[in-house]
Amino acid sequence: MTELSHSYYFSVLQSKLHHVTKHPYHFASFIAIWYYVELLYMMSIAVFMYPPMLIAIVAIVTGIALSFHIIKLYSGNDFSCSLQLLLMDIHIAFSIGTIATLLLSNVGWYILLFTLIRAIVALCEVVCVYAMTHNKT
């Protein structure tokens, strides 16, 4: 019974990985949804340094632009795929620095949970960058 379920889950995982390598921009569009959380995080930090009205306007415009970007990325637009590669490269580097900083400091469990989720997203982004830039010939 358990051997059957292990082989079933392995075949499902293998089919999902095949789909990711065949259509990496679909996977990247789901990863890009995490950027809304990052936008809220950046807003909560920036509100202490800049006027709140300016931060609200920038956040609304950025959120709308991100929505259009995700829709175009899912449809396979070349410009959105290139832009997503740039965004993922920047986010991976930002995540590595943030994860290292938070792990070396004394923080609460909720910050560690957020850091764990950020690490999982960064790992998925690394896989997606590889799938989007891998030469298939």
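Residues numbered from 1 in each chain as written. Predicted model: local features only at pLDDT ≥ 70, side-chain atom pairs only at ≥ 80, totals over all residues. Heavy atoms only, no water.

1. Things to note about the overall build of the chain
Of the regular secondary structure elements, the chain holds six helices and zero strands. When the helices and strands of the chain are read in sequence order from the N terminus, they spell out α-α-α-α-α-α. Structurally, the chain occupies a C-alpha span of about 55 × 40 × 25 Å along its principal axes. Put simply, the chain has 137 residues, and 28% of those count as buried. The long-range share in the chain, meaning contacts at least 24 apart out of those at least 6 apart in sequence, stands at 74%. As presented, the chain carries roughly 9,600 Å² of accessible surface, and 76% of it is formed by carbon and sulfur atoms. In the chain, 5 positive and 5 negative side-chain charges are present, and the distance between their average locations comes to 8 Å. (Helix = DSSP H or I, 4+ residues; strand = E, 2+ residues; numbered from the N terminus. Buried < 20%, exposed > 50% of the residue type's maximum accessible area, 1.4 Å probe, protein only. Contact = heavy atoms within 4.5 Å. Areas by Shrake-Rupley, 256 points an atom, 1.4 Å probe, with all protein chains shown as cover. Lys, Arg positive; Asp, Glu negative; His and termini not counted. Charge placed at Lys NZ, Arg CZ, Asp CG, Glu CD.)

2. Quick notes on the nonpolar core
Ranked by internal contacts, the top residues of the largest apolar core, which has 16 residues, are A28, Y35, L85, M88, C128, V129 and M132. Contributing elements (two or more residues each) for this core: helix 2 (24-31), helix 3 (34-46), helix 4 (52-75), helix 5 (78-104) and helix 6 (109-133). With near-sequence residues (within four places) excluded, V129 lies in contact with L85, M88, D89 and I92. (Core = buried A, V, L, I, M, F, W, Y, C linked by side-chain atoms within 4.5 Å.)

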